[in-house]
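Residue-level structure breakdown
As a plain string of letters, each chain reads:
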Amino acid sequence: MGAFMLLMVSAFTSVFSSGPIGTKRELVNAAYQAVQGECLNWEKADLSDAQKVDCSAAHKFEVTGTADITAAYPSQAPFPNAEAWAKIAQEHCAQAATSYMSGKLDPKGKYGVSTLNPDEKRWSDGYRQLRCGLQVTAPSGAALPSYGSAKTQDQSNVYDPGVCVALGANNTVGDPIDCAEPHAFEIVGVVQHPEGPFLPLEQQDKVMSEKCAAIAAEYTGGADLKAKGLLVTWDTRAEESWAVGSRKANCKVGAVPQGNNLVAWKGSVRNPNGAPLTTSNPPQTTSVKPQAEPTGAPLHSESGAPSGSNQPSDSGKPDKPSSSAPTTTSESG
């Protein structure tokens with residue numbers, strides 16, 4: 001019954017997968033029938049096993065609406081290239097996501113605007129309907145599991161304790177990775193800021209410095225991080241994130257940087273005899289597929305000064321792409 005392509009608006013680019021295109025099947029893939037508020041999950045790279053699931057269960061796409069672009073792209077219109085798809089997605093799905101979230105979509109949060117688009121075969125047959133949605137992705141664009149409707153979840157861009165994130169090219173932070181592999185940071189905890197007016201970054205730094213030191217001491221069993229060439233780092237939340245309710249921030253451990261450059265290290269600093277970790281997204285504690293161009297911002301050091309070459313107003317984005325291409329997949333059904 002054709003195929004869909006998965007495209008992230010935030011990256012404005014698309015890469016075709018090698019999955020089957022235009023495969024005929026008697027059953028229509030669930031993605032073709034999904035409506036606003038429904039959630040989809042899949043395991044296969046070509047999305048051929050996509051199924052509707054309860055949004056409380058693990059899922060990779062939450063539908064925010066549908067869009068028919070027939071008027072702008074009649075039957076004789078050529079199949080859009082990556083740039084055109086990005087424009088289409090921005091024009092037809094960005095507002096749908098904002099409306100779906102009642103205007104409270106964190107621009108720096110964990111949810112990104114996505115679309116399920118018809119592949120070239122279905123396009124040539126005249127199919128012009130898009131599924132707009134929200135998705136949690138790693139820096140490479142790889143889909144991460146989400147739990148609960150985005151409408152009710154804290155949108156803070158955080159990982160669970162125990163997750164390690166890769167060190168990418170050009171001093172960037174990448175996808176979750178096994179802690180036995182070289183990585184930039186190990187997540188040791190999450191701090192929940194209280195409700196109230198925006199806390200200026202210097203005040204957030206003060207709060208995070210104190211709380212992350214205590215969290216790291218408990219996580220490591222009081223290990224001497226300095227002797228291991230490591231230090232405690234943390235994230236801050238930008239004012240626009242704070243305004244829509246994002247109040248969580250990660251505490252992390254990383255190697256002492258060399259100048260402005262992050263340094264990869266191996267292993268975990270977790271106390272093997274410590275209490276079991278409390279996680280909200282268990283599958284995110286495992287690594288995802290490798291990426292070519294991981295991105296992200298270096299974090300704060302114990303002194304509150306930037307620990308890397310970038311100096312963003314919100315350094316808490318180890319799991320969102322800023323320039324790398326997402327993984328675009330074909331879906332047959």
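Right, let's walk through the structure included here. (Residues numbered from 1 in each chain as written. Predicted model: local features only at pLDDT ≥ 70, side-chain atom pairs only at ≥ 80, totals over all residues. Heavy atoms only, no water.)

Turning to the environment of G148, a few remarks are in order. Relative to the assigned elements, G148 resides in the loop between strand 7 (143-144) and strand 8 (164-168). A sequence separation of 92 residues divides G148 from S56, and the C-alpha atoms of the two residues are 4.2 Å apart. Aside from chain neighbours lying at most four places away, what touches G148 is C55, S56, H59, E62, Y111 and Q153. (Helix = DSSP H or I, 4+ residues; strand = E, 2+ residues; numbered from the N terminus. Contact = heavy atoms within 4.5 Å.)

Within the fold, G267 resides in the loop between strand 12 (248-255) and strand 13 (330-332). Owing to a relative accessible area of 25%, G267 belongs among the partly exposed residues under this scheme. For G267 and C179, which are 88 residues apart along the polypeptide, the C-alpha to C-alpha distance reads 5.3 Å. Leave out the neighbours within four places in its chain, and G267 touches C179, A180, H183 and E186. (Buried < 20%, exposed > 50% of the residue type's maximum accessible area, 1.4 Å probe, protein only.)

Another aspect to go through is the pairing of strand 5 (residues 111-118). Burial runs high along strand 5: eight of the eight residues are buried. Where strand 5 meets strand 6 (residues 129-137), six bridges bridge the pair, whose relative direction is antiparallel. Bridging across to strand 6, L116 finds its partner in R131. (Pairing = 2+ DSSP bridges.)

Inspection of the entire model under this criterion finds four disulfides. Between the sulfur atoms of C164 and its disulfide partner C179 the distance amounts to 2.0 Å. Torsion about the S-S bond of the C164 and C179 cystine: about 100°, corresponding to right-handed handedness. Highlighted residues: C164 in strand 8 and C179 in the loop between strand 9 (172-177) and strand 10 (185-192), separated in sequence by 15 residues. Using a relative accessible area of 14% as the deciding quantity, one classes C179 as buried. Here C212 engages in a disulfide with C251; their sulfurs sit 2.0 Å apart. Measuring handedness by torsion sign, the sulfur bridge of C212 and C251 sits at about -75° and is left-handed. Here C212, found in helix 3 (residues 201-220), pairs with C251, found in strand 12; they are 39 residues apart in sequence, far enough to count as distant. (Disulfide = S-S within 2.5 Å.)

Taken by themselves, the reported measurements are silent on function.
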